[in-house]
Amino acid sequence: MKLLCIPTGSMGAGGAETFMMKLFRVIDEQELHMDFCVAVDHECLYDREILERGSKLFHITPKSVDVKQYKSGLSKLLRAEQYDIVLRLGDTCFSFYDLWIAKKCHVPVLAFRSCNSSFDGSKFQLFIHKALRGILSRFINIKIAPSTEAAEFTFGKRLVKQNKIHILHNGLILQNFQYS
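All values derive from a computational prediction rather than experimental measurement.

## Digging into the packing of aromatic side chains
The full count for this structure, using the stated rule, is four aromatic pairs. Note on Phe96 and Phe139: the rings are 6.5 Å apart at their centroids and 65 degrees apart in plane angle, and the pair reads as edge-to-face. Within this pair, whereas Phe96 is found in helix α4 (residues 96-104), its partner Phe139 is found in helix α5 (residues 123-139), the two being separated by 43 residues in sequence. The residues Phe96 and Phe139 share a single accessibility class, namely buried. Here the basic side chain of Lys2 rests over the ring of Tyr83, its NZ or CZ set 4.8 Å away from the ring centre. Stacked on the ring of Phe24, the Lys or Arg Arg53 has its end atom at 4.8 Å from the ring centre.

## Digging into the nonpolar core
Counting 31 residues, the largest nonpolar core has Leu4, Leu74, Leu78 and Val86 as its most contacted members. The element that contributes the greatest number of residues to this core is α4, accounting for five residues. In contact with Leu4, not counting residues within four places along its chain, are Asp35, Phe36, Cys37, Phe58, Leu74, Leu77, Leu78, Tyr83, Ile85, Val86 and Leu87. Listed in part, the 21 residues of the second largest apolar core include Leu3, Met21, Phe36 and Val40.

## Side note on the sheet that holds strand β5 (residues 109-114)
With parallel pairing, seven strands are arranged side by side in an open sheet as β3-β2-β1-β4-β5-β6-β7. Across the chains shown, the open sheet's two edge strands, defined by having one partner strand only, are β3 (57-59) and β7 (166-167). Two elements, strand β1 (residues 2-6) and strand β2 (residues 33-38), share four bridges in a ladder whose sense is parallel. By the bridge assignment, Cys5 is partnered in β2 with Phe36.

## Quick notes on the state of the cysteines
This model, assessed by the stated rule, comprises zero disulfides. The thiol of Cys5 is unpaired, and the distance to the nearest cysteine sulfur, on Cys37, comes to 10 Å. Here Cys5 falls in the buried class, since its relative accessible area comes to 1%. Between Cys105, a cysteine without a disulfide, and Cys37, which holds the nearest cysteine sulfur, the sulfur-to-sulfur distance is 11 Å.

## Focus on the confidence of the model for the protein chain
Taken over all residues, the pLDDT of the protein chain has a mean of 88, while the share at 70 or more is 97%. Predicted confidence in the protein chain is weakest over α5, with a mean pLDDT of 81, and strongest over helix α3 (residues 67-81), with 96.

## A few points about the pairing of β2
Along β2, five of the six residues are buried, which leaves the element largely enclosed by surrounding structure. Traced from β1 through helix α1 (residues 15-26) to β2, the parallel crossover comes out right-handed. Bridge analysis of β2 against β3 gives three bridges, and the strand direction is parallel. In the strand pairing of β3, Val38 is matched with His59. One crossover worth recording links β2 to the parallel β3 by way of helix α2 (residues 47-52), and it is right-handed.

Rules of the game
- Residues numbered from 1 in each chain as written.
- Predicted model: local features only at pLDDT ≥ 70, side-chain atom pairs only at ≥ 80, totals over all residues.
- Heavy atoms only, no water.
- Phe/Tyr/Trp six-rings, centres within 6.5 Å; stacked < 30°, edge-to-face > 60°.
- Helix = DSSP H or I, 4+ residues; strand = E, 2+ residues; numbered from the N terminus.
- Buried < 20%, exposed > 50% of the residue type's maximum accessible area, 1.4 Å probe, protein only.
- Lys NZ or Arg CZ within 6 Å of the ring centre and 35° of its normal.
- Core = buried A, V, L, I, M, F, W, Y, C linked by side-chain atoms within 4.5 Å.
- Contact = heavy atoms within 4.5 Å.
- Pairing = 2+ DSSP bridges.
- Disulfide = S-S within 2.5 Å.
- pLDDT = per-residue confidence, 0-100.
- Right-handed = clockwise from strand over helix to strand, strands pointing away.

The structure is reproduced here in C-alpha cells:
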C-alpha cells in the first residue's frame with residue numbers, strides 16, 4: 001500500500017512533522033510505503049532521513065506563491081505515483097484543498113490529521129473554518145486528531161460524540177528520556 005503524507009508545509013522540526021516521523025520510523029515498510037510532498041524548495045530537518053529510508057520527497061510550488069501551479073504539481077504527482085492513501089496534516093480546515101485535489105485524482109482513501117484545538121486568526125477566518133468543517137468531514141475517509149479538543153475544533157462535536165474520529169495522542173518514546 002502506498003501513502004503520500006502532506007505536512008503543514010515542510011518536514012521541519014514542527015510538532016506535526018515530528019509526530020509524522022515517529023510514525024514513519026515504526027511502520028512496517030513491507031505493508032506500507034510512505035512518501036512525502038512538501039511545498040518548500042530547501043532542505044529541512046527530516047529530509048535526509050526520509051530519503052535514506054527509501055522514501056521519496058516531492059517538492060512542489062507553495063500555494064502562497066501560485067495556487068494553479070500547486071494544484072498542477074500535486075495532481076501530476078498523484079496521477080504518476082498512484083497512491084492508495086493521502087494523509088494531510090492541517091491546522092485548520094483550510095487544508096482541505098489538498099484532499100480535494102486528491103479526490104479529483106481518484107485517490108481511494110483520504111485522511112486528515114488535525115494539529116490544533118484553537119485558532120488565532122480573525123473572526124471571519126474562524127467562521128470560514130467552521131463552514132468548511134462540514135465539507136471536509138463529508139469526503140474524508142479517515143479523521144484523526146491528537147485530542148478530543150482538537151477533534152472538536154476540526155471536525156465538530158457531533159462527529160466526536162458519534163466516535164467517528166480516531167484520537168491518536170502525540171506519544172513520547174519513553175526510552176529516549178531514561179537516565180543513562
